[in-house]
Amino acid sequence: MSPSFPLQSDEPPTVGLIGFGAFGQLVARHMTPHVQVLAYDNRNSLEDTAQTLGVRLTDLTTVARCRIIILAIPVQAMADVLTHIAPLLRPDALVLDVGSVKVKPTELMLRLLPSTVGIIGTHPLFGPQSAGQTTTGLKIVLCPVRGPYHRLAAFLRKTLGLRVLVCTPEKHDQDMAVTQALTHWLAQSLKTLEPFPSHLTTRSFDLMRDAMKMVEKDAPQVFETIECLNPYASSMRKHYLDLLNSLDKKLDTLTPA
């Protein structure tokens, strides 16, 4: 049975947000001007933040009954959450995740969610540190898994001003092994060289340090997800290390005696 798409009617959708951490709050900040957002998080002391953002915190069962569900949770927690919400979902629900990897989350959603539920893997290519005050011009990846995705893509483009890129989960993770996993890995490794010189720096070094600052506040689980749950990341790191070793040997041959 093909799932229907929850944005096909004129009724304004209610979005259920599971996870109200830094990224969940970023999602809410840009969604609440356009749709009602209900959120669930098992941590306390979030009421003030929710009120500021116009979000109603409620229980997981209520959130799971929304037409659109956004999973803003660590990939490591997805199996448990999906198992819990699967019997609670509306037959016409659309479930999205916002994780940094796509192969594993989409496999979990396909395996654990009812066959009538629409599934789209998404990855905003920005985070709480890099998003700024507007989403206009920022990029988001959509990995359609089950059900149509075009109305969601149109909403993201026209309403939020995002640049929408569409690809398979496999293509996403292959590319992210270079553009994300490799850069986060380099940023973490460079941090071990601190403290850096404070004055005698080049422009290229300053730019590299700026890039490090954009990811240094990421939760440890984010780094673990990017490096360990992307099936292509490990081979990319090893390939890069081989290239560095080859370059090092070549430079040794050029060193004057």
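Check the entry above for the structure.
Predicted, not measured: the structure shown is a model, and the values here were computed from it.

### Here's the deal with the overall build of the chain
- Regarding its fold elements, the chain presents ten helices and eight strands.
- Along the first, second and third principal axes, the C-alpha set of the chain runs to 75 × 40 × 35 Å.
- Taking all 257 residues of the chain together, the buried fraction comes to 42%.
- Counted over contacts in the chain with a minimum sequence separation of 6, partners at least 24 positions apart contribute 68%.
- Accessible area of the chain: about 13900 Å², with a carbon and sulfur share of 56%.
- In the chain, 25 side chains carry a positive charge and 23 a negative one; their mean positions are 5 Å apart.

### A look at the layout of surface pockets
- Its boundaries defined by the atoms lining it, the second largest pocket holds a volume of some 340 Å³.
- Forming the walls of the second largest pocket are 24 residues, and the residues nearest its centre are Val 27, Met 31, Ile 70, Leu 156 and Leu 160.
- Contributions of two or more residues to the lining of the second largest pocket are made by helix H1 (22-31), strand S4 (68-71), strand S6 (118-124), strand S7 (139-146) and helix H6 (150-158).
- For the lining of the second largest pocket, the element with the most residues is H1, which contributes five residues.

### Some words on helix H4 (residues 78-85)
- Every buried residue belonging to H4 is among Met 78, Val 81, Leu 82 and Ile 85, and all of these are buried. Angularly, the buried residues of H4 cover 95° about the axis, an arc narrow enough to put them on a single face.
- Buried residues belonging to H4 abut strand S1 (14-18), helix H3 (60-64), S4, strand S5 (94-97) and helix H5 (103-112).

### A few points about the nonpolar core
- Formed by 33 residues in total, the largest nonpolar core has its most connected members in Leu 17, Phe 20, Met 31, Val 55, Ile 70 and Leu 156.
- Elements supplying a minimum of two residues to this core: S1, H1, strand S2 (36-40), helix H2 (47-53), S4, S5, S7 and H6.
- Core analysis: the second largest hydrophobic core is formed by 22 residues, Ala 64, Ile 73, Met 78 and Val 81 among them.

### Overview of the state of the cysteines
- Going through the model one piece at a time under the given rule, you end up with zero disulfides.
- No disulfide involves Cys 143; its sulfur sits 4.2 Å from that of Cys 167, the nearest cysteine.
- Residue Cys 143 is classed as buried on the basis of its relative accessible area, which comes to 0%.

### What to know about the packing of helix H7 (residues 169-191) against helix H10 (residues 233-254)
- The contact between H7 and H10 brings their axes to 10 Å, and the two run at 65°. Handedness of the H7/H10 crossing: right-handed. Here Ala 177, Val 178, Ala 181, Leu 182, Trp 185 and Leu 186 of H7 lie close against H10, whose contacting residues are Ala 233, Met 236, Arg 237, Tyr 240 and Leu 241.

### Topic: the pattern of salt bridges
- All chains considered together, the criterion is met by seven salt bridges.
- The salt bridge partner of Asp 97 is Lys 102, with a shortest N-O separation of 3.0 Å. There is no split in this pair, since Asp 97 and Lys 102 are both buried.
- Linking Arg 237 and Glu 227 is a salt bridge whose minimum nitrogen-to-oxygen distance equals 3.0 Å. Separated by ten residues along the polypeptide, Arg 237 in helix H10 and Glu 227 in helix H9 (residues 220-228) bring together distant segments of the chain.

### Describing the sheet that holds S5
- Here we have eight strands laid out as an open sheet, ordered S3-S2-S1-S4-S5-S6-S7-S8, and mixed in their pairing. Of all the strands in the sheet, just strand S3 (56-57) and strand S8 (163-166) have a single pairing partner and so form its edges.
- As paired elements, S1 and S2 share five bridges and run parallel to each other. Across the sheet, residue Ile 18 finds its bridge partner in S2, namely Tyr 40.
- Contacts from H6 reach S5, S6, S7 and S8, with the element oriented near 170° to S7.

### Focus: the side chain of Ser 100
- Relative to the helices and strands, Ser 100 is located in the loop between S5 and H5.
- By relative accessible area, which is 15% here, Ser 100 ends up buried.
- Beyond its immediate stretch of four places on either side in the chain, Ser 100 contacts His 123, His 172, Met 176, Gln 180 and Ile 226.

### Quick word on the packing of aromatic side chains
- Taken as a whole and judged by the stated rule, the model has two aromatic pairs.
- Judged by centre distance (6.1 Å) and plane angle (80°), the rings of Trp 185 and Tyr 240 are edge-to-face. Residue Trp 185 is located in helix H7, and its partner Tyr 240 is located in helix H10; the two are separated by 55 residues in the primary sequence.
- Relative accessible area serves as the criterion here: at 24%, Tyr 240 is assigned to the partly exposed category.

So, how was this worked out
Residues numbered from 1 in each chain as written. Predicted model: local features only at pLDDT ≥ 70, side-chain atom pairs only at ≥ 80, totals over all residues. Heavy atoms only, no water. Helix = DSSP H or I, 4+ residues; strand = E, 2+ residues; numbered from the N terminus. Buried < 20%, exposed > 50% of the residue type's maximum accessible area, 1.4 Å probe, protein only. Contact = heavy atoms within 4.5 Å. Areas by Shrake-Rupley, 256 points an atom, 1.4 Å probe, with all protein chains shown as cover. Lys, Arg positive; Asp, Glu negative; His and termini not counted. Charge placed at Lys NZ, Arg CZ, Asp CG, Glu CD. 1 Å grid on protein atoms, 1.4 Å probe; cavity = no way out; pocket = protein on both sides within 12 Å on 5 of 7 lines; lining within 4 Å. Points joined across faces, edges and corners; volume = space filled by probe spheres on them. Arc of directions from axis to C-beta. Core = buried A, V, L, I, M, F, W, Y, C linked by side-chain atoms within 4.5 Å. Disulfide = S-S within 2.5 Å. Axes fitted to C-alpha atoms, helices over the stretch in contact; angles between N-to-C directions. Left-handed = near helix turned anticlockwise from the far one by under 90°. Salt bridge = Lys/Arg side-chain N within 4 Å of Asp/Glu carboxyl O. Pairing = 2+ DSSP bridges. Phe/Tyr/Trp six-rings, centres within 6.5 Å; stacked < 30°, edge-to-face > 60°.

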